[in-house]
Amino acid sequence: MEQKKKVYIVEEVREILGIGKNKAYELCNNQIFPVLRIGSRILIPIRTFEDWLYSGAVL
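Residues numbered from 1 in each chain as written. Predicted model: local features only at pLDDT ≥ 70, side-chain atom pairs only at ≥ 80, totals over all residues. Heavy atoms only, no water.

> Got a sec to walk through the nonpolar core? Specific residues and values, please.
Within the largest apolar cluster, 12 residues are counted, these being Tyr8, Val10, Val13, Ala24, Leu27, Cys28, Phe33, Ile42, Ile44, Ile46, Phe49 and Trp52. At the level of elements, helix 1 (10-17), helix 2 (21-29), strand 3 (41-45) and helix 3 (46-54) are the ones that each hand at least two residues to this core. Discounting residues that sit within four places of it in the chain, Ile46 has contacts with Lys5, Lys6, Val7 and Tyr8. (Core = buried A, V, L, I, M, F, W, Y, C linked by side-chain atoms within 4.5 Å. Buried < 20%, exposed > 50% of the residue type's maximum accessible area, 1.4 Å probe, protein only. Helix = DSSP H or I, 4+ residues; strand = E, 2+ residues; numbered from the N terminus. Contact = heavy atoms within 4.5 Å.)

> Break down the packing of aromatic side chains for me, with residues and values.
For the coordinates displayed, the defined rule picks out 4 aromatic pairs. Plain terms: the ring middles of Phe33 and Trp52 are 5.0 Å apart, the flat faces sit at 55° to each other, and that makes the pair tilted. Remark: Trp52 occurs in helix 3 and Phe33 occurs in the loop between helix 2 and strand 2 (36-38); sequence separation between them is 19 residues. Since its relative accessible area comes to 2%, Phe33 is described here as buried. Ring centres of Phe49 and Trp52 lie 5.7 Å apart, and the angle between their planes is 40°; on these two criteria the pair is classed as tilted. (Phe/Tyr/Trp six-rings, centres within 6.5 Å; stacked < 30°, edge-to-face > 60°.)

Next up, the structure:
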């Protein structure tokens, strides 16, 4: 049974949004959307990221 991916990494968010690496980390560090920190890794739950993305939020 194939498991569905539940989190993005910063690089994936960067690619989805078409932004640079620094801006992607800035969004994650400024709590624009919820993130999980495990050690030095930043994981972004797909569901909450997509909720934020499709909400029409203005930065």
